[in-house]
Amino acid sequence: MVEVDRPALEARLAALRAEVEDPGAGIHGPSTVTWRITREVAVFLGGGRAVLLQLAHPWVAQAIADHSRTRADVTGRVRRTFGLVYTMAFGPLDQAEAAARRLHGIHARITGVLGQGGPGFPAGSRYAANDVDALLWVWATLVDSALRVYQHVHGPLPERDRDRYVGENHRFAALFGIPAAALPARWSTLAAYVDDTAARLPVLEAARTTADFLLGRPDQNAAARVLEAVTAELLPAAVRDGFGLRDDAGSRRLAARVWAGARLIT
């Protein structure tokens, strides 16, 4: 386990500061592929996919079970999370750096041990939110899910734009302190990493319990049924099945209506 400590974060922020040409426009700027993709409201349709992929990682699921207040304050948790993420993605550089330091400080307090083990993740082993592998997984699920949903609505992007998008988001990864050497350089490498990792992650009980709460199961309202249908279609089969998401004809028809509506609205 290799953790990102505060000096490592500050070194990444200093390198990022040297790269950014217009600090007022933030780490990306309006001419980038990242702004074109991330500003789209339709990207939120991939939120369930990103969250469940993250939960499939035992360290993430255990950390949420041990430390998160999501169950007590869902709205507040969502507001705080997206406030930080969108400040980092769209805010001026000084605000993005401040958000990065705040997030690192929060993560520094999130440590513990796995209560339940699985293949590759033995019970009793230590987890830490600032671990490089855990941070890389969370970053990858966010970047991968946003691009896949964007293409689902707008159609395929040229390969050069997909690669630019991944390269641009190395700056976003720097705000987590993720070492540059750990980051995939191209879209094909990122997609393969997500698919390969998802196929071997055990979906443990802590993950399923949190997912059931987020998806409003067993007594779902209409919005929760839509979320589950769209998420089930987007997830790799192993993760979808691990969480027990419906994948029947009715669910697929509901997801198809959502995508059609998203394309029409867009």
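What you see is a predicted model, and the numbers here were worked out from it, not measured in a lab. (Residues numbered from 1 in each chain as written. Predicted model: local features only at pLDDT ≥ 70, side-chain atom pairs only at ≥ 80, totals over all residues. Heavy atoms only, no water.)

> Before we go on, may I ask you to explain the packing of aromatic side chains in this structure?
Working definition: an aromatic ring pair is given by the centre-to-centre distance plus the angle between the planes. Per the counting criterion, the structure on display carries 6 aromatic pairs. Judged by centre distance (6.2 Å) and plane angle (15 degrees), the ring pair of F44 and Y86 falls under stacked. Separated by 42 residues along the polypeptide, F44 in the loop between α2 (33–38) and α3 (47–56) and Y86 in helix α5 (residues 74–90) bring together distant segments of the chain. In this structure Y86 comes out as partly exposed when scored by relative accessible area, which is 23%. Their ring planes at 10 degrees and their centres at 5.6 Å tell us that Y86 and F90 sit as a pair that is stacked. Taken together, the residues Y86 and F90, both in helix α5 and 4 residues apart, mark about one turn of the helix. (Phe/Tyr/Trp six-rings, centres within 6.5 Å; stacked < 30°, edge-to-face > 60°. Helix = DSSP H or I, 4+ residues; strand = E, 2+ residues; numbered from the N terminus. Buried < 20%, exposed > 50% of the residue type's maximum accessible area, 1.4 Å probe, protein only.)

> How should I be thinking about a nonpolar patch on the surface in this particular structure?
Residues V41, F44 and F82 make up a contiguous nonpolar surface patch of roughly 300 Å² in combined accessible area. Note on placement: F82 falls in helix α5. Accessibility expressed as a relative area gives 34% for F82, which makes it partly exposed. (Patch = residues over 30% accessible without salt bridge, like charges linked within 9 Å, V, L, I, M, F, W, Y side chains within 5 Å. Areas by Shrake-Rupley, 256 points an atom, 1.4 Å probe, with all protein chains shown as cover. Salt bridge = Lys/Arg side-chain N within 4 Å of Asp/Glu carboxyl O.)

> Mind showing me how you'd approach helix α11 (residues 205–214) here?
Along an α-helix, a turn takes 3.6 residues, which lines up residues three or four apart on a common side. When α11 is considered as a whole, its buried residues turn out to be A207, T210 and A211. Buried positions in α11, seen along its axis, are confined to an arc of 100 degrees and lie on one side of it. Residues of α11 that are buried make contact with α3, α4 (58–67) and α13 (237–243). Remark: G216 follows α11 within two positions and exhibits a positive phi of approximately 65 degrees. (Arc of directions from axis to C-beta. Contact = heavy atoms within 4.5 Å.)

> Mind showing me how you'd approach helix α10 (residues 187–200) here?
Over its 14 residues, α10 runs 20 Å from end to end, which matches the ideal 20 Å to within 8%, given 1.5 Å per residue. Considering only its buried residues, α10 is in contact with α3, α7 (132–154), α8 (159–168) and α13. (Expected span 1.5 Å × (residues − 1).)

> Before we go on, may I ask you to explain the nonpolar core in this structure?
Nonpolar side chains tend to gather and get buried jointly when the protein is soluble and globular. Judged by nonpolar contacts, the single largest core of 64 residues is most densely connected at I37, W139, L175 and F243. With 11 residues, α7 is the single largest residue contributor to this core. In this structure, V149, A229, A255 and A262 belong to the second largest nonpolar core, which totals 10 residues. (Core = buried A, V, L, I, M, F, W, Y, C linked by side-chain atoms within 4.5 Å.)

> What's the story with the packing of α7 against α10 in this structure? I'm lost.
Two quantities define a packed helix pair, namely the angle between the helix axes and the distance between the axes. Running from N to C, α7 and α10 cross one another at 115 degrees; their axes reach a closest spacing of 10 Å. With respect to α10, the element α7 is oriented roughly perpendicular. Of the two elements, α7 crosses α10, and the hand of that crossing is left-handed. Touching D133, L136, W137, W139, A140, V143, D144, L147 and R148 of α7 are W187, L190, A191, Y193, V194, D195, T197 and A198, all from α10. Here the residues of the contact of α7 with α10 are counted per class, giving 12 nonpolar, 1 polar and 4 charged. (Axes fitted to C-alpha atoms, helices over the stretch in contact; angles between N-to-C directions. Parallel < 35°, antiparallel > 145°, perpendicular 65-115°, else oblique. Left-handed = near helix turned anticlockwise from the far one by under 90°. Nonpolar A, V, L, I, M, F, W, Y, C, P; charged D, E, K, R; others polar.)

> It is not clear to me how the pattern of salt bridges should be interpreted in this structure. Could you clarify?
Side chains carrying opposite charge are able to pair once their charged atoms draw close together. The tally for this structure, following the rule as stated, stands at 19 salt bridges. The closest approach of N and O atoms between E19 and R171, which form a salt bridge, is 3.2 Å. On the criterion of sequence distance, the pair formed by E19 in helix α1 (residues 6–19) and R171 in helix α9 (residues 170–174) is long-range, its members being 152 residues apart. Take E19: its relative accessible area is 42%, and that puts it in the partly exposed class. Among the salt bridges present, the one from R217 reaches E228, with a minimum N-O distance of 3.5 Å. With a gap of 11 residues between them, R217 in the loop between α11 and α12 (222–234) and E228 in helix α12 connect regions that are remote in the sequence. For the residue pair R217 and E228, the accessibility class agrees, reading buried in each case. A cluster of three or more residues bridged by salt bridges with shared partners is formed by R49, D144, R148 and D195.

> How do you make sense of the side chain of Q62 when you look at a structure like this?
When you line up the elements, Q62 lands in helix α4. For Q62, a relative accessible area of 12% gives the class buried. Looking at Q62, its side chain comes within polar contact range of the main-chain nitrogen of G115, at 3.0 Å. If we skip the residues at most four places from it in the chain, Q62 touches V113, L114, G115, Q116 and Y127. (Polar contact = N/O pair within 3.5 Å; in protein donor to acceptor, adjacent residues only side chain to side chain.)

> Whenever I open this one, the environment of R208 confuses me. Can you help?
Structurally, R208 can be placed in helix α11. For R208 and A89, which are 119 residues apart along the polypeptide, the C-alpha to C-alpha distance reads 30 Å. Those residues in contact with R208 that sit more than four places away from it in its chain are V203, G242 and F243.

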